[in-house]
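A structural walkthrough
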There are 2 protein chains.
Amino acid sequence: MELRNDRLLRALARQPVDRTPVWMMRQAGRYLPEYRTTRERAGSFMDLCRNAELACEVTLQPLERYPLDGAILFSDILTIPDAMGLGLYFETGEGPKFRKPVRTADAVAALSLPDAERDLDYVMNALRTIRGELNGRVPLIGFSGSPWTLATYMVEGESSKDFRHVKSMLYGNPDTMHQLLDLLAQAVTDYLNAQIRSGAQVVQIFDTWGGSLSTPAYLEFSLRYMEQIVAGLIREHEGRRVPVILFTKNGGQWLEHIADSGADAVGLDWTTEMSDARRRVGHRVALQGNLDPNVLFASPAAIRAEVARILDSFGEGEGHVFNLGHGISQFTEPEQVTAFMDALHDISPSYHR
Amino acid sequence: MELRNDRLLRALARQPVDRTPVWMMRQAGRYLPEYRTTRERAGSFMDLCRNAELACEVTLQPLERYPLDGAILFSDILTIPDAMGLGLYFETGEGPKFRKPVRTADAVAALSLPDAERDLDYVMNALRTIRGELNGRVPLIGFSGSPWTLATYMVEGESSKDFRHVKSMLYGNPDTMHQLLDLLAQAVTDYLNAQIRSGAQVVQIFDTWGGSLSTPAYLEFSLRYMEQIVAGLIREHEGRRVPVILFTKNGGQWLEHIADSGADAVGLDWTTEMSDARRRVGHRVALQGNLDPNVLFASPAAIRAEVARILDSFGEGEGHVFNLGHGISQFTEPEQVTAFMDALHDISPSYHR
């Protein structure tokens, strides 16, 4: 099946494009009324993830509204720990929680590697369904949480402000921490490879909580395991390169290290200046980002000014994938995203001549 | 009155010391059982802040336990907006809240500058009482929130995860945002000068939320107003320099800019590597930090290893004030702080010969 829009793949390979490609983290989600309608039909959030037809429906919804250059699998970052039997659940208005947090060496030793194709078959079914429906329109992006990010949720049992429990393990029992991270790195590798075999054409590793670590702890407990994953991934499939994007939120201080991980691209949150990032690592990797999602609460003129600023900060030449610096807020008005897309599509061609 | 321990002032001036001085953000607080006893006697948190005798008592408590080189005024960072009539209150288990958030141009225009000596007299009384009780033992540190950090609480009305309201103002109505920040910069300047006249010998500006901004927004909406404050502060008092410390949490990417602000020292959270920071700006300012407070949940041996690592990362020579990279956790065991102090006092003299 021919890929009719390969801008995203070309930009990730730092090849020429006619305009800067764009997708948005969490582009299928609660800010869209049509998503909320499907979600109501599905039942719980995890029911929606587990239903291939409905997961496909919400994955495609933002593509109907906006000229996006990629579709991202609708799923959760915590599917792996759920498949390990930790009992993922969601309470209204709160983040994800686990019924059985993992806080001791014994609890870590009792974990076993999920079989991605069998235990996470609902994800693979969703990918196959979406890929069929996309029919070559844009590339399909698969994803996983990073080992460190999965471990924070598994040890804390929920979203944490201070990471007290997981850091107690990191500093107090580093061997146990490494054992857990090693298992997770293997699980993520298997999971992403299964996603690639099921149709994902790009994969992104979300290291949402890497930025909570000191520099040496980041290198030892987060980046090292992402490097292990990148080294174990299928990098060619269906005759095409499968690019890998690493996104460490608040990882701006470590760009040189992240760019050396073997990944094709580095995702940036909005705190890092694109021109600095390009100067520091842009000759080695593509860069993805980095509009503050809160800009989408301002006027179309203000949105346009920020989009122009970021394009200018990256400058002319190849290797820029436009994105938000973090997931789009559920409170965003869909029309504001239209203003974002219009600005990008108006302005970005002048950077690709 | 003679200052018997001036290590902190000497290190902030990058002068020789016999060992690395130390204090801890939030060193007077809930992790100490004696604090909890005083707090119960006082009533609410703000009752404790408003009672000069009891605020003095809790300020001195950590000095009785640990060989600290500074005392920090016990108070809240949100006293200024409270004095502006926003109605600060605390709900059990939650962060600070305001009864009257400030979200419109009209609400900003209706604010007026507090008279620090009159409207915040309880802070000045506490400082005079503490300074008398300290009797030259160690220097007394005063503090304030930064304009941007105060503004985030004032606009959001409470602690925020996404800063949606304050960033809507920043991107959507930058003139209103600047009007609010300008008023706050004037208020903070007056407030810190009143603190200096009342006995503060060092002042720190806490920019807790500057790290939530993009680089250009940080420079325009946070750092610029801190520079304005630094330029307006009393820098000599009682025949001594009054050093200013700027602490932007998650500000590691902007150290060069922060070091150019006119401040004497830059506070670092634990994500920034001390050796990098020293190479980048340590010839211009002193550096303060930066143990991850979560290290205090590990074994004494692990605490010692991290203290040694940070001392080594700064290296030999002057200009290092040891601190945590953020406030100490309420769940810390007081004995763990003893292990921290023991390690620092054992190891640090070898870096000052």
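Whatever comes next refers back to the structure up there.
Note that the structure is predicted; figures quoted are calculated from it, not measured.

What counts and how
- Residues numbered from 1 in each chain as written.
- Chains lettered and ligands numbered in written order.
- Predicted model: local features only at pLDDT ≥ 70, side-chain atom pairs only at ≥ 80, totals over all residues.
- Helix = DSSP H or I, 4+ residues; strand = E, 2+ residues; numbered from the N terminus.
- Rg over C-alpha atoms; globule rule 2.2 N^0.38 Å.
- Buried ≥ 20, exposed ≤ 12 C-beta atoms within 10 Å, placed from the backbone.
- Contact = placed C-beta atoms within 7 Å.
- Pairing = 2+ DSSP bridges.
- Nonpolar A, V, L, I, M, F, W, Y, C, P; charged D, E, K, R; others polar.
- Axes fitted to C-alpha atoms, helices over the stretch in contact; angles between N-to-C directions.
- Least-squares fit on C-alpha atoms with pLDDT ≥ 70 in both.
- Core = buried A, V, L, I, M, F, W, Y, C linked by C-beta atoms within 7 Å.
- Expected span 1.5 Å × (residues − 1).
- Arc of directions from axis to C-beta.
- Left-handed = near helix turned anticlockwise from the far one by under 90°.
- Parallel < 35°, antiparallel > 145°, perpendicular 65-115°, else oblique.
- Bend = angle between axes of the 7 residues up to and from the residue.

In terms of regular secondary structure, chain A is built from 16 helices and 11 strands. Against the compact-globule benchmark of 20 Å for 353 residues, chain A has a radius of gyration of 19 Å, which places it among compact chains. Residue burial in chain A is summarised as follows: out of 353 residues, 54% are buried. Summarising the internal contacts of chain A: among those between residues at least 6 apart in sequence, 71% fall at separations of at least 24.

Residue and element names in this part refer to chain B. On the basis of which strands lie adjacent, the open sheet formed by 7 strands has the order β1-β4-β5-β8-β9-β10-β11 and parallel pairing. The outermost strands of the open sheet, each flanked by one partner alone, are β1 (71-72) and β11 (320-324). Judged from the 3 bridges that link them, strand β8 (residues 244-248) and strand β9 (residues 265-267) form a sheet pairing that is parallel. Paired with F247 across the two strands is G267, which belongs to β9.

Turning next to the interface of chain B and chain A. Between chain B and chain A, the residue contacts involve 27 residues of the former and 27 residues of the latter. The biggest single contributor to the side of chain B that touches chain A is helix α10 (residues 164-172) of chain B, with 5 residues. Grouping the amino acids of the side of chain B that touches chain A by side-chain chemistry returns 9 nonpolar, 13 polar and 5 charged.

Further remarks concern the sheet that holds strand β1 (residues 71-72) of chain A. Residue and element names in this part refer to chain A. Strand order across the open sheet formed by 7 strands is β1-β4-β5-β8-β9-β10-β11, with parallel pairing between neighbours. Unpaired on one side and paired on the other, β1 and β11 (320-321) mark the two borders of the sheet. Inspection of the sheet shows strand β4 (residues 140-145) paired to strand β5 (residues 202-207) by 5 bridges, in the parallel sense. Looking across to β5, one finds that S144 is bridged to I205. Helix α11 (residues 174-197) rests against β4 and β5 of the sheet, and its axis sits at about 170° to β4.

If you rotate chain B by 180° and push it 0.0 Å along the axis, it lands on chain A with an RMSD of 0.0 Å. The relationship between the two copies is best expressed as a two-fold rotation axis. Distance from the rotation axis, computed per C-alpha, reaches its smallest value in chain B at Q253(B): 3.1 Å. Of the interface residues in chain B, 100% have counterparts in chain A that sit at the interface too, so the contact is made through matching surfaces.

This next bit is on the nonpolar core. L73(A), L184(A), V266(A), L73(B), L184(B) and V266(B) are the most contacted members of the largest nonpolar core, which has 235 residues in total. Contacts of V266(B), omitting those with residues within four sequence positions, involve L246(B), L255(B), I258(B), A259(B), V281(B), V285(B), L287(B) and Q288(B).

Further remarks concern unusual backbone geometry. For residues besides glycine, phi is generally negative; the peptide bonds are generally trans as well. In this structure, the amide linkage connecting G289(A) to the following residue, N290(A), adopts the cis form with an omega of -5°. Here N290(A) is to be found in the loop between β10 (286-288) and α15 (300-314). Here R26(A), not a glycine, exhibits a phi torsion of approximately 65°, which is positive. Secondary-structure assignment places R26(A) in the loop between α1 (7-12) and α2 (33-42). For R26(A), a count of 18 C-beta atoms within 10 Å gives the class partly exposed. Positioned with a positive phi, N135(B) is a non-glycine residue whose angle comes to about 55°. The class of N135(B) is exposed, set by 10 C-beta atoms lying within 10 Å.

Residues and elements named next belong to chain B. Compared with an ideal rise of 1.5 Å per residue, which puts 14 residues at 20 Å, helix α16 (residues 334-347) spans 20 Å between its outermost C-alpha atoms and is within 8% of the ideal. All of the buried residues along α16 are V337, F340 and L344. Down the axis of α16, the buried side of the element spans an arc of 55°, and every buried residue falls inside it. Residues of α16 that are buried make contact with α15 (300-314) and β11.

Now for the packing of helix α11 (residues 174-197) of chain B against helix α12 (residues 215-232) of chain B. All names here are of chain B. At a minimum axis distance of 9 Å, the contact between α11 and α12 shows a crossing angle of 30°. Every pair of crossing elements has a handedness; the one defined by α11 and α12 is right-handed. On the side of α11, the interface is formed by M177, L181, A185, V188, T189 and L192, while α12 contributes F221, Y225, Q228, I229 and G232. Residues that form the contact of α11 with α12 fall into these classes: 8 nonpolar, 3 polar and no charged.

Another aspect to go through is the environment of V244(A). Residue and element names in this part refer to chain A. Here V244 shows up in strand β8 (residues 244-248). Residue V244 is classed as buried on the basis of its 22 C-beta neighbours within 10 Å. With 214 residues separating them in the primary sequence, V244 and R30 have C-alpha atoms 26 Å apart. When sequence neighbours within four positions are dropped, the list of residues in contact with V244 reads V203, V230, L233, A263 and D264.

What follows covers the packing of helix α4 (residues 52-65) of chain B against helix α8 (residues 121-134) of chain B. All names here are of chain B. Relative to each other, α4 and α8 sit at 50°, their axes nearing to 8 Å. Compared by their axis directions, α4 and α8 come out oblique. Helix-helix and strand crossings are classified by hand; for α4 and α8 the assignment is right-handed. Contacts between α4 and α8 involve A52, E53, A55, C56, T59 and L60 on the former and, on the latter, Y122, N125, A126, T129, I130 and E133. Class assignment of the residues belonging to the contact of α4 with α8 gives a composition of 7 nonpolar, 3 polar and 2 charged.

What follows deals with helix α12 (residues 215-232) of chain A. All names here are of chain A. Its 18 residues place the ends of α12 24 Å apart at the C-alpha level, agreeing with the 26 Å of an ideal helix rising 1.5 Å per residue. Its axis deflected by about 40° at L223, α12 carries its strongest bend there. For α12, the set of buried residues is A217, Y218, F221, S222, L223, Y225, M226 and I229. Where α12 is buried, its residues contact α9 (147-156), α10 (164-172), α11, β5, β8 and α13 (255-259).

A word on the environment of I77(B). Residues and elements named next belong to chain B. When you line up the elements, I77 lands in the loop between β1 and α5 (79-83). C-alpha of I77 to C-alpha of H178: the two residues are 101 residues apart in sequence and 20 Å apart in space. Setting aside anything within four residues of it in sequence, one finds I77 in contact with S144, G145, T149 and F206.

All names here are of chain B. Here strand β4 (residues 140-145) lies mainly inside the structure; 6 of its 6 residues are buried. With burial as the criterion, each face of β4 is covered, one bearing L140, G142 and S144 and the other bearing I141, F143 and G145. Inspection of the sheet shows β1 paired to β4 by 2 bridges, in the parallel sense. The residue bridging I72 from the neighbouring strand is I141, located in β4.

A word on the environment of P114(A). All names here are of chain A. Relative to the helices and strands, P114 resides in the loop between α6 (105-109) and α7 (116-119). C-beta crowding within 10 Å serves as the criterion here: with 21 such atoms nearby, P114 is assigned to the buried category. For the pair P114 and G87, spaced 27 residues apart in sequence, the C-alpha to C-alpha distance is 14 Å. Residues in contact with P114, not counting those within four places in the same chain, are I80, A83, M84, D119, L120 and A187.

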